[in-house]
Amino acid sequence: MSTTQLEELLAIVGPHMEKQYVVREPIGAAERLTLTLRFLAAGDSMSSMMYQYLIGLTTVSNIIATTCKTIWEHLCPLVLPPRLFEDDWRRIAEDFEDIWDFPHCIGAIDGKHVTIQCPDNAGSNFYNYKHSHSIVLLAICDANYVFRFVDIGAYGRRSDGGIFRESRMGQQLDAGKMNVYFLQ
């Protein structure tokens, strides 16, 4: 991530991450964001982040959770379209045919297992076929590698098809609410 990109992201989410001064000076939005991005990019443990930033483990955990939530809430409407219409689907299908010579395709879908430590009392929900614990990130992209849909946080034991079927997009597709009439 370049410095410019970091500053742009901070301009979008920073005002929503500011904390009030109560007893001691709060950790600023810039430090909260850099801590979270470093944690997500490097895969360090929260204990490692605690020593790097000289703050408590619970504070690190809370910062990462609230910052991720803030990033999602404020970037999702900017990055993912709220709803695609028939013309959008038609353009996506045309791009797949023109660029990839793949007719009648409206998206490329895949899931990615993100290894986690097994949560307490989780049983085998997060245990996957790779013999580790994970959550699944499922994404659908158009022919130009633009994300059109994401589903985050499914149990690692579940298949991509099962996750898609129970996702918001999968349910709307089954119910005929996705505006893909031209393909019928």
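Everything quoted here is computed from the prediction, not taken from an experiment.

**Q** Any chance you could explain a negative patch on the surface here in plain terms?
**A** Together, Glu-94, Glu-97, Asp-98 and Asp-101 line one region of the surface with negative charge. Following the sequence through the fold, Glu-97 ends up in helix α5 (residues 86-100).

**Q** Would you mind going over helix α4 (residues 57-79) with me for this structure?
**A** Since there are 3.6 residues in each turn of an α-helix, residues three or four apart along the chain are aligned in direction. End to end, α4 covers 32 Å across 23 residues, agreeing with the expected 33 Å (1.5 Å per residue, within 8%). Helix geometry: α4 is bent most strongly at Glu-73, by close to 25°, with proline Pro-77 lying one to four residues after it. Residues of α4 that are buried sit in contact with α1 (3-13), α2 (29-42) and α3 (46-53).

**Q** Even after reading the chapter, I still don't get the pattern of salt bridges, so can you show me in this structure?
**A** Should the charged atoms of two oppositely charged side chains come close, the side chains can pair. All told, the structure shown has 6 salt bridges when counted by the stated rule. In this structure, Arg-90 and Glu-86 form a salt bridge, with 3.4 Å as the shortest nitrogen-oxygen distance. Linking Arg-90 with Glu-86, this pair stays in helix α5, spanning 4 residues, or about one helical turn. A residue is classified by how much of its surface remains accessible, and Glu-86, at 29% relative accessible area, is partly exposed. The residue Glu-166 makes a salt bridge to Arg-158 at a minimum N-O spacing of 3.3 Å. Looking at Glu-166, the relative accessible area reads 53%, which means it is exposed.

**Q** Would you take a moment to explain the environment of Ile-135 for this structure?
**A** Along the polypeptide, Ile-135 turns up in strand β2 (residues 134-141). Residue Ile-135 is classed as partly exposed on the basis of its relative accessible area, which comes to 22%. As a C-alpha pair, Ile-135 and Asn-125 span 10 residues in sequence and 9.4 Å in three-dimensional space. Those residues in contact with Ile-135, other than ones at most four positions away along the chain, are Lys-112, His-113, Val-114, Ile-116, Phe-126, Gly-153, Ala-154 and Gly-156.

**Q** How should I be thinking about the packing of aromatic side chains in this particular structure?
**A** Summed over all chains, the structure comprises 2 aromatic pairs. Between the aromatic rings of Trp-100 and Tyr-145, the centroid separation amounts to 6.2 Å while the plane-to-plane angle is 75°, which identifies the pairing as edge-to-face. Taken together, the positions of Trp-100 in helix α5 and Tyr-145 in the loop between β2 and β3 (147-155) put the pair 45 residues apart, joining distant regions of the chain. Residue classification places Trp-100 among the partly exposed residues on the basis of a relative accessible area of 43%. Aromatic pair Phe-126 and Tyr-155: ring centres 5.0 Å apart, planes at 90°, arrangement edge-to-face.

**Q** Explanation requested: the packing of α2 against α3 in the structure shown.
**A** Each packed pair of helices is defined by two parameters, the angle between the axes and the distance between the axes. One can describe the packing of α2 onto α3 by two numbers: an axis separation of 11 Å at closest approach and a directional angle of 140°. It follows from the interaxial angle that α2 and α3 lie oblique. Two packed elements cross with a definite hand, and for α2 against α3 that hand is right-handed. Here α2 contributes Glu-31, Thr-34, Leu-35, Arg-38 and Phe-39 to the contact with α3, which in turn contributes Met-46, Met-49, Gln-52 and Tyr-53. The class makeup of the residues in the contact of α2 with α3 is 5 nonpolar, 2 polar and 2 charged.

**Q** Whenever I open this one, the nonpolar core confuses me. Can you help?
**A** Of all hydrophobic cores here, the largest spans 11 residues; its members are Leu-84, Trp-89, Ile-92, Phe-96, Cys-105, Ile-140, Ala-143, Phe-149, Met-169, Met-178 and Val-180. The element contributing the most residues to this core is α5, with 3 residues. When residues no more than four places from it in sequence are discounted, the contact partners of Leu-84 are Trp-89, Ile-92, Arg-148, Met-178 and Asn-179. Residues Leu-35, Met-50, Val-60 and Ile-63 belong to the second largest nonpolar core, which totals 9 residues.

So, how was this worked out
Counting restarts for each chain, with residues numbered from 1 along the sequence as it is written. Side-chain atom pairs in this predicted model are given and counted only at pLDDT of 80 or more, local residue features only at pLDDT of at least 70, and totals for whole chains, interfaces and linings cover all residues. Hydrogens and water molecules were not included; the side-chain quantities draw on all heavy atoms of the structure. For patches, a residue must show more than 30% relative accessible area and have no salt bridge; joins then use 9 Å for like charges and 5 Å for nonpolar side chains, namely Val, Leu, Ile, Met, Phe, Trp and Tyr. Accessible areas in this description were obtained via Shrake-Rupley with a 1.4 Å probe; residue shielding takes into account the shown protein chains only. The salt bridge definition used is simple: a Lys or Arg side-chain nitrogen within 4 Å of an Asp or Glu carboxyl oxygen. Positive residues here are Lys and Arg, negative ones are Asp and Glu, while His and the chain termini are left out of the count. Throughout, a charge is located at the NZ atom of Lys, the CZ atom of Arg, the CG atom of Asp or the CD atom of Glu. What counts as a helix is a DSSP run of H or I of at least four residues, what counts as a strand is a run of E of at least two, and both are numbered from the N terminus. Helices are assigned an expected span. That span is 1.5 Å times one less than the residue count. In this scheme, the bend at a residue equals the angle between the axes fitted to the seven residues that finish there and the seven that begin there. Residue contacts are defined here by distance: any two heavy atoms, one from each residue, within 4.5 Å place the two residues in contact. Using a 1.4 Å probe on the protein chains alone, a residue whose accessible area is under 20% of its type maximum counts as buried, one over 50% counts as exposed, and one in between counts as partly exposed. Between 30 and 60 degrees the pair is tilted, below 30 it is stacked and above 60 it is edge-to-face, where a pair is any two Phe, Tyr or Trp rings, Trp via its six-membered ring, whose centres lie within 6.5 Å. Axes here refer to lines fitted to C-alpha atoms; in helices the fit is confined to the stretch in contact. Angles between the N-to-C directions go from 0 to 180 degrees. Any angle from 65 to 115 degrees is called roughly perpendicular, while one under 35 is roughly parallel, one over 145 is roughly antiparallel, and all others are oblique. Handedness of a crossing is defined here by the sense of rotation of the near helix relative to the far one, left-handed for an anticlockwise turn of less than a right angle and right-handed for a clockwise turn. Each residue gets one label: Ala, Val, Leu, Ile, Met, Phe, Trp, Tyr, Cys and Pro are nonpolar, Asp, Glu, Lys and Arg are charged, and the others, such as Gly, are polar. In plain words, nonpolar cores are sets of buried Ala, Val, Leu, Ile, Met, Phe, Trp, Tyr and Cys residues tied together by side-chain atoms within 4.5 Å.

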